[in-house]
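Take a look at the letters that make up each chain.
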Amino acid sequence: MMNAQKVAIVTGSAAGLGKAIATRLAKDGFAVVLHDINEENLNQTKQDFDSQGYKSIAVQGDSANRDDQFRLVQEAVEAFGQVDVFVNNAGVESVEPFMQIQGDEIDRVLGINIKGVIYGTQAAAEQMKKQDGVGKIINACSIAGHESYEMLSLYCASKHAVRSLTHSTAKELAPYNIRVNAYCPGVADTPMWERIDAAFVKHKDYQPKQAWNEFTSGILVGRPQEPDDVANLVSFLASSDADYITGQTILTDGGMVFR
């Protein structure tokens, strides 16, 4: 018997886009399972949720570790009885010239961005198969899953993999009433973009903010992305209004990439 209140897990939800997504789902009425590898940030976010009266638990873990991902789902079920939505949000970027990429960096990026999605989807689907109703798995893709950018080759490759995994798992999990979709953010004023800008200055003789200005000048809606722009899309995909949508990687970039 499923509870009336739906339950959402959001990996990497102690800061940034993940925190914005988790906060929006809590406002939507979900019981939220907060997750992050950073214990200090996770504890602070849990305190923030408690102060707002949101129903939540916090689970520390590494999304690139299969056992951690299955334990995350187990703790969610122990606390709330079910898992209705699993957001594979945790991810990392990589900014450097292709010829300088080393093995450790490949393992780090592919571990979190690809293994994390695989293990999270496996853990969520195993639980959702036991439940009634429609399960939702929602992956963090990117405009970098639709386009390939210089200085971001490893990151783009990982997000192209997420896009493909979204398609294939949607097909495999459809018989179990599980929908799989992805959100594809664009350009936001975040520490990641500070690192991208610095890499272009270092390796391509750009002026500071030149790369940022080039990427943002063509955004059709006239501004960079805000965290709520992404959270709004995830809110929709997590809702019953999106029950007929699966296998899609939806761009939320203000009008940059057209697919």
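- You'll find the protein entered in an unreviewed UniProt entry as diacetyl reductase [(S)-acetoin forming], with Moraxella canis given as the organism.
- In its Sequence similarities (unreviewed entry) section, the UniProt entry covering the protein states "Belongs to the short-chain dehydrogenases/reductases (SDR) family."
- Per its UniProt entry, the protein bears the Catalytic activity (unreviewed entry) comment "(S)-acetoin + NAD(+) = diacetyl + NADH + H(+)".

**Quick word on the overall build of the protein**
Here is step 1 of the chain: Each helix and strand counted, the protein has eight helices and seven strands in total.
Here is step 2 of the chain: Against the globule reference of 18 Å for 259 residues, the protein gives a C-alpha radius of gyration of 18 Å, in line with a compact fold.
Here is step 3 of the chain: Taken along its principal axes, the extent of the C-alpha atoms in the protein is 60 × 40 × 40 Å.
Here is step 4 of the chain: When each of the 259 residues of the protein is scored for burial, the buried share is 51%.
Here is step 5 of the chain: A separation threshold of at least 6 residues defines the contact pool for the protein, and within that pool the share at least 24 residues apart is 70%.
Here is step 6 of the chain: Accessible surface for the protein amounts to roughly 12,200 Å². Of this, 48% is attributable to carbon and sulfur atoms.
Here is step 7 of the chain: Each charge class in the protein can be summarised by its mean position, and for the 23 positive and 33 negative side chains these summaries are 5 Å apart.

**Details of the pairing of strand S2 (residues 31-36)**
Each regular strand displays side chains that alternate between the two surfaces of the sheet.
Here is step 1 of the chain: Where burial is concerned, most of S2 is hidden: six out of the six residues are buried.
Here is step 2 of the chain: Burial along S2 is two-sided: the residues Ala31, Val33 and His35 and Val32, Leu34 and Asp36 are all buried.
Here is step 3 of the chain: Here strand S1 (residues 7-10) pairs with S2 via four bridges, running parallel. In the strand pairing of S2, Ile9 is matched with Val33.
Here is step 4 of the chain: For the crossover from S1 across helix H1 (residues 16-27) to S2, the handedness is right-handed.
Here is step 5 of the chain: In terms of strand pairing, S2 meets strand S3 (residues 56-60) through five bridges, oriented parallel. Bridging from a neighbouring strand, Val32 pairs with Ser56 of S3.

**Some remarks on helix H4 (residues 103-128)**
One turn of the α-helix equals 3.6 residues, which is why residues spaced by three or four share an orientation.
Here is step 1 of the chain: The end-to-end C-alpha separation of H4 is 35 Å, in line with the 38 Å expected for 26 residues at 1.5 Å each.
Here is step 2 of the chain: Gly111 marks the point of greatest bend in H4, at about 40°.

**Re the side chain of Asn88**
Here is step 1 of the chain: Take Asn88: it is sitting in strand S4 (residues 85-88).
Here is step 2 of the chain: In this structure the side chain of Asn88 is engaged in a polar contact, spanning 3.2 Å, whose partner is the side chain of Thr121.
Here is step 3 of the chain: Ignoring anything within four residues of it in the chain, the contact list for Asn88 reads Thr11, Gln69, Gly116, Val117, Gly120, Thr121, Ile137, Ile138, Asn139, Ala140 and Tyr183.

**Regarding a negative patch on the surface**
Here is step 1 of the chain: Side chains of Asp189, Glu194, Glu226 and Asp228 sit close together on the surface and give a patch of like negative charge.
Here is step 2 of the chain: On the secondary structure map, Asp189 appears in the loop between strand S6 (178-185) and helix H6 (191-204).

**A closer look at the state of the cysteines**
Here is step 1 of the chain: The final tally for this structure, using the stated rule, is zero disulfides.
Here is step 2 of the chain: Cys141 supplies the cysteine sulfur nearest to Cys156, a cysteine that is in no disulfide, at a spacing of 9.9 Å.
Here is step 3 of the chain: On the accessibility criterion, Cys156 (2% relative accessible area) is buried.
Here is step 4 of the chain: Lacking any disulfide linkage, Cys184 is separated from the closest cysteine sulfur, that of Cys141, by 3.8 Å.

**Structural notes on the sheet that holds strand S7 (residues 249-252)**
Here is step 1 of the chain: Spatial strand order, S3-S2-S1-S4-S5-S6-S7: seven strands in an open sheet with parallel pairing. Looking along the sheet, the strands with just one partner apiece sit at the ends: S3 and S7. Going across the sheet, the axis of each strand differs from the next one's by a mean of 20°, ignoring polarity.
Here is step 2 of the chain: Most of the contacts of helix H3 (residues 66-80) go to S3, to which it runs at about 160°, and overall it touches S1, S2, S3 and S4.

The rules we used
Residues numbered from 1 in each chain as written. Predicted model: local features only at pLDDT ≥ 70, side-chain atom pairs only at ≥ 80, totals over all residues. Heavy atoms only, no water. UniProt positions renumbered as here; feature names shortened; annotations may be inferred. Helix = DSSP H or I, 4+ residues; strand = E, 2+ residues; numbered from the N terminus. Rg over C-alpha atoms; globule rule 2.2 N^0.38 Å. Buried < 20%, exposed > 50% of the residue type's maximum accessible area, 1.4 Å probe, protein only. Contact = heavy atoms within 4.5 Å. Areas by Shrake-Rupley, 256 points an atom, 1.4 Å probe, with all protein chains shown as cover. Lys, Arg positive; Asp, Glu negative; His and termini not counted. Charge placed at Lys NZ, Arg CZ, Asp CG, Glu CD. Pairing = 2+ DSSP bridges. Right-handed = clockwise from strand over helix to strand, strands pointing away. Expected span 1.5 Å × (residues − 1). Bend = angle between axes of the 7 residues up to and from the residue. Polar contact = N/O pair within 3.5 Å; in protein donor to acceptor, adjacent residues only side chain to side chain. Patch = residues over 30% accessible without salt bridge, like charges linked within 9 Å, V, L, I, M, F, W, Y side chains within 5 Å. Salt bridge = Lys/Arg side-chain N within 4 Å of Asp/Glu carboxyl O. Disulfide = S-S within 2.5 Å. Axes fitted to C-alpha atoms, helices over the stretch in contact; angles between N-to-C directions.

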